[in-house]
There are 2 protein chains.
Amino acid sequence: MDSNVEAYLRKHIPLSAGLDITVLKADHSNVSIEAPLPPNINHQSTAFGGSLAALAILTGWALVHLRLRSEGLVTETVIHSSAVRYDLPVKGTFKAVTEGITDKVWSRFTQTLAKRGKGRIRVTVNLESEGEVAASFEGAYVAITAKDDPTVP
Amino acid sequence: MDSNVEAYLRKHIPLSAGLDITVLKADHSNVSIEAPLPPNINHQSTAFGGSLAALAILTGWALVHLRLRSEGLVTETVIHSSAVRYDLPVKGTFKAVTEGITDKVWSRFTQTLAKRGKGRIRVTVNLESEGEVAASFEGAYVAITAKDDPTVP
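## As for the interface of chain B and chain A
Interfaces are frequently sized by the accessible area removed from exposure as the parts join.
Alright, step 1. Each partner contributes to the interface: chain B provides 29 residues, whereas chain A provides 29 residues.
Alright, step 2. Residue contributions to the side of chain B that touches chain A peak at 10 residues, all from strand E3 (residues 75-86) of chain B.
Alright, step 3. When the residues that make up the side of chain B that touches chain A are grouped by side-chain class, the tally is 15 nonpolar, 12 polar and 2 charged.
Alright, step 4. The sheet contact formed by strand E3 (residues 75-86) of chain A and E3 of chain B spans 5 bridges and is antiparallel. Along E3 of chain B, the bridge assignment pairs Ser82 of chain A with Val84 of chain B.

Put into structure tokens, the structure is as follows:
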């Protein structure tokens, strides 16, 4: 599953390849995606804030997408708003790790989706490096009910 | 100047090359950087939200950096927090365009920087495509007084 997700992201969202992602974990409860420093470095020799934001957006998207899929729900899911707070410089490999979505929040989301064909959900993603949370991300994603596409993992 | 800035960004922030940026304008009053859709596309055939966020972070950074430079101020400038609101799907080439920083806001920033060796400033960047603002970005950047580096544009 993880390698399917990675191949899908690299193919359909080519910036994933620019970030040089490795999907460490990807299931309906949590997603974790790693990236190395060199392709994501900045002028200060730390990770570029844009790389951190992009990795977090991707990771949050994957969680919403995979949890919907695990319940047989087929949607088009896109980012609606995002916010990142950068607390520490990232000096090495970094990974984006989703915080779990509570069942209560999830149910409200899927109920709205079922009723209106559209729902919105917030996802928190921590950006970790060298054992510390260096940045934190919150994204709101919108899912719209869609037709099935058997090529999507 | 614009081609210097582009070469600098592509060299020192390699994700710039992944985004395939073209610096349209880069001076102390405004910065505008364009990117084509293909390397920034997503699974919906629109621009990936992470590409939009990364381009905006880069563009806002360039404005703060170039305006500081134009006043002879040498700093290390990094992103502190960022927020993006995505309003419309981006279906073609897109560009990030800074909103000007008022002289009053700028003076307060440089006065704090002079006094404390550190200052923070907010920059608004609009992401435009096909003549419309598709997304808007607000970033807070922190500048810290540094030694001169003659290789920086």
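Structure shown, so let's carry the discussion forward.
## Looking at the confidence of the model for chain A
Alright, step 1. Overall, the prediction assigns chain A a mean pLDDT of 95, with 97% of residues at 70 or greater.
Alright, step 2. Reported confidences for the modelled complex are a pTM of 0.95 and an ipTM of 0.94.

## Quick notes on the pairing of strand E2 (residues 31-35) of chain A
When a strand is regular, its side chains alternate between the sheet's two faces.
Residues and elements named next belong to chain A.
Alright, step 1. Among the 5 residues of E2, 5 are classified as buried, and the element is accordingly described as predominantly covered.
Alright, step 2. Residues Val31, Ile33 and Ala35 of E2 are buried on one face, and the alternating residues Ser32 and Glu34, pointing to the opposite face, are buried as well.
Alright, step 3. Relative to E2, strand E1 (residues 22-26) runs antiparallel, the two sharing 4 bridges. The residue bridging Val23 from the neighbouring strand is Ile33, located in E2.
Alright, step 4. Count of turn residues in the E1/E2 antiparallel hairpin: 4 residues.
Alright, step 5. Of the pairings in the sheet, the one linking E2 to strand E4 (residues 94-98) comprises 4 bridges and is antiparallel in character. Within E4, the position partnered with Ala35 by the bridge is Phe94.

## What to know about the relation of the copies chain B and chain A
The two chain copies are connected by a rotation around an axis plus a translation along it.
Alright, step 1. The two copies are related by a screw motion: chain B maps onto chain A through a turn of 180° and a shift of 0.0 Å along the axis, at an RMSD of 0.0 Å. Such a combination of turn and shift is consistent with a two-fold rotation axis. Among all residues of chain B, the one whose C-alpha sits closest to the rotation axis is Ala83 of chain B, at a distance of 2.1 Å.
Alright, step 2. In this assembly, 100% of the residues forming the interface of chain B have copies in chain A that are likewise at the interface, indicating an isologous arrangement.

## Section: unusual backbone geometry
Residue and element names in this part refer to chain A.
Alright, step 1. Despite not being glycine, Glu130 has its phi angle at roughly 50°, a positive value.
Alright, step 2. Within the secondary structure layout, Glu130 lies in the loop between strand E5 (118-129) and strand E6 (132-145).
Alright, step 3. Classification of Glu130 as exposed rests on a count of 11 C-beta atoms within 10 Å.

Analysis parameters
Residues numbered from 1 in each chain as written. Chains lettered and ligands numbered in written order. Predicted model: local features only at pLDDT ≥ 70, side-chain atom pairs only at ≥ 80, totals over all residues. Contact = placed C-beta atoms within 7 Å. Helix = DSSP H or I, 4+ residues; strand = E, 2+ residues; numbered from the N terminus. Nonpolar A, V, L, I, M, F, W, Y, C, P; charged D, E, K, R; others polar. Pairing = 2+ DSSP bridges. pLDDT = per-residue confidence, 0-100. Buried ≥ 20, exposed ≤ 12 C-beta atoms within 10 Å, placed from the backbone. Least-squares fit on C-alpha atoms with pLDDT ≥ 70 in both.

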